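Given next are the chains, with one letter for each unit.
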Amino acid sequence: MIGRPLDTIPLLSAIAEKAIGSDRPEGSLSFVAADGSTRAISFARIPGTESRLIVSIDEARVSAAINREIRTAYLQLAFVCLFVLLGALIAAEKLIIQPIDTMAAIAKRFGDGEWSVRAARSRMPAEFVPLARAFNAMAAQLAERDRELVATNDRLTVIASIDMLSGLANRRGFQNRLEFEWMRAQQYDSGVSLLMIDVDHFKLFNDTYGHPEGDVCLSRLGEALAGIAADTMGYAGRYGGEEFCLLLPNTDAKRALEIGEMVRAAVQDLAMPHCTSTYQAVHRQRRRRLHPSERHAATGDLIEAADAALYAAKHRGRNAVVEHGFVRLTDGSLALAS
């Protein structure tokens, strides 16, 4: 090629001005060849001459191995990241999600009323142990509060069924017990006796001695009646005002009359003075009702018979024990009988 113009040589014509015409002893440059490839050129002056040594190489060939290594490195990095993510998901499932689900399930069971459920701290990761400990402490406090509320509610239920003056059951509590004993009598085909007890001339007692003394009188009568109820397996209550009642489950007519006389005598033995009374002391008139286990009858029939006995006791001069009961008529119906 000696003597030929550089412009006729495609490779050199692209770099003639920069490589051959450069005053630098050596250098490098890059250009796009006619075939579209990017080429790297390095040149150096040969000492002692005006000649230059020029080396040209296709950059794509040089970077091909590097690009393959880079792609391989990226693929390896992607696989490593994928395994790391999978490991993180598995670890998160075991160390975070499962403990949270466990705590949520325990909290739901506790909210549904299983007050004894607790979080097992031994099965929890160390990071969740303080949370489990706090939950167990809260659950214990709530369970204790629930027990206190139940106990308080039970006490309130008892208080709501007790007459505070006499210490006996009030009308509500007595009615509930009467319904229970009535159903049990029907179930076992047994009888139920009821003593309805009224204090004679109690209004005159209050007018004469005052209401505080009247309260003391009712309290002493309640104590006496409670003692008799305990001895006879009965259930005593204050029906209202100066009226008391004594329920006698599984008690026949003869025994009920005997208990009624016991009540009358016990009140008389208290010897509470009552100057406006004919007897000069507090007495009671008693209305008694014996009712067998009739499945078509109701507790109202028992109380109705006791009301009828009250009037009979008043007509007989008070301080008396009067019996009323039901007898079966020929047509199968029930009627009151003294």
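Worth saying up front: this structure is predicted, and the values here are computed from it rather than measured. (Residues numbered from 1 in each chain as written. Predicted model: local features only at pLDDT ≥ 70, side-chain atom pairs only at ≥ 80, totals over all residues. Heavy atoms only, no water.)

1. Considering the overall build of the protein chain
Then comes step 1: Scanning the protein chain from N- to C-terminus turns up nine helices and nine strands.
Then comes step 2: Burial status across the protein chain gives 34% buried among its 338 residues.
Then comes step 3: By element, 58% of the accessible surface of the protein chain is carried by carbon and sulfur atoms, the whole surface being about 20400 Å². (Helix = DSSP H or I, 4+ residues; strand = E, 2+ residues; numbered from the N terminus. Buried < 20%, exposed > 50% of the residue type's maximum accessible area, 1.4 Å probe, protein only. Areas by Shrake-Rupley, 256 points an atom, 1.4 Å probe, with all protein chains shown as cover.)

2. Considering the nonpolar core
Grouped burial of nonpolar side chains is what soluble globular proteins tend to show.
Then comes step 1: Counting 21 residues, the largest nonpolar core has Leu195, Leu221, Leu225, Phe244, Leu246 and Val263 as its most contacted members.
Then comes step 2: When residues of this core are traced back to their parent elements, those giving at least two are strand 4 (192-199), helix 6 (202-209), helix 7 (211-232), strand 6 (243-249) and helix 8 (253-270).
Then comes step 3: Residue contributions to this core peak at six residues, all from helix 7.
Then comes step 4: Among the nonpolar cores identified, the runner-up in size contains 13 residues, and Trp182, Cys245, Leu247 and Leu302 belong to it. (Core = buried A, V, L, I, M, F, W, Y, C linked by side-chain atoms within 4.5 Å.)

3. Focus on helix 4 (residues 129-160)
Every α-helix carries 3.6 residues per turn, so stepping three or four residues along brings you back to the same face.
Then comes step 1: For helix 4, which comprises 32 residues, the first-to-last C-alpha distance of 46 Å matches the rise-based estimate of 46 Å (1.5 Å per residue) to within 8%.
Then comes step 2: All buried positions along helix 4 are accounted for by Val129, Ala132, Phe135, Asn136, Ala139 and Ala143.
Then comes step 3: Buried residues belonging to helix 4 abut helix 3 (59-111). (Expected span 1.5 Å × (residues − 1). Contact = heavy atoms within 4.5 Å.)

4. Points about helix 6
Then comes step 1: Three or more residues of helix 6 are buried, namely Phe202, Phe205 and Asn206. Projected onto a plane normal to the axis of helix 6, the buried residues spread over an arc of 95 degrees and lie on a single side. Helix 6 presents Lys203 and Asp207 as exposed residues on the side facing more than 90 degrees away from its buried surface.
Then comes step 2: Residues of helix 6 that are buried in the fold lie against strand 4 and helix 7.
Then comes step 3: Looking at the residues trailing helix 6, positive phi occurs at Gly210, about 95 degrees. (Arc of directions from axis to C-beta.)

5. Considering the pairing of strand 6
Then comes step 1: Across the seven residues that make up strand 6, a large majority, six, are buried.
Then comes step 2: Bridge count for strand 4 against strand 6 is seven bridges, and the pairing is antiparallel. Note on strand 6: the bridge partner recorded for Ile197 is Phe244.
Then comes step 3: Bridge analysis of strand 5 (residues 235-240) against strand 6 gives five bridges, and the strand direction is antiparallel. Paired with Gly240 across the two strands is Glu243, which belongs to strand 6.
Then comes step 4: Here strand 5 hands over to strand 6 after two residues, with Gly241 in that stretch at a positive phi of 60 degrees. (Pairing = 2+ DSSP bridges.)

6. Considerations on the confidence of the model for the protein chain
Then comes step 1: Summing up the model confidence of the protein chain, the mean pLDDT is 78 and the portion of residues at 70 or higher is 82%.
Then comes step 2: Put simply, strand 9 (residues 334-337) is where the protein chain has its lowest mean pLDDT, 42, and strand 6 is where it has its highest, 89.
Then comes step 3: Here residues 280-284 is modelled with pLDDT under 50, and outside its nearest four sequence neighbours on either side it reaches 33 contacts, counting other chains as well.
Then comes step 4: pLDDT under 50 marks residues 326-338. Its contacts with residues more than four places away, or in other chains, come to 29 contacts. (pLDDT = per-residue confidence, 0-100.)

7. A short note on the packing of aromatic side chains
Then comes step 1: Following the criterion strictly, the structure yields five aromatic pairs and no others.
Then comes step 2: Seen in terms of ring centroids, Phe174 and Tyr235 are 6.3 Å apart; in terms of plane orientation they differ by 20 degrees. Their pairing is stacked. Of this pair, Phe174 sits in helix 5 (residues 171-188) while Tyr235 sits in strand 5; the two residues are 61 residues apart in sequence, bridging distant segments of the chain.
Then comes step 3: Its relative accessible area of 21% is what places Tyr235 among the partly exposed residues.
Then comes step 4: Ring centres of Phe202 and Phe205 lie 6.0 Å apart, and the angle between their planes is 10 degrees; on these two criteria the pair is classed as stacked. In this pair, Phe202 and Phe205 are both assigned in helix 6, three residues apart and thus about one turn of the helix distant.
Then comes step 5: Note on Phe202: relative accessible area 7%, which makes it buried.
Then comes step 6: On the basis of relative accessibility, which here comes to 5%, the residue Phe205 falls in the buried class. (Phe/Tyr/Trp six-rings, centres within 6.5 Å; stacked < 30°, edge-to-face > 60°.)

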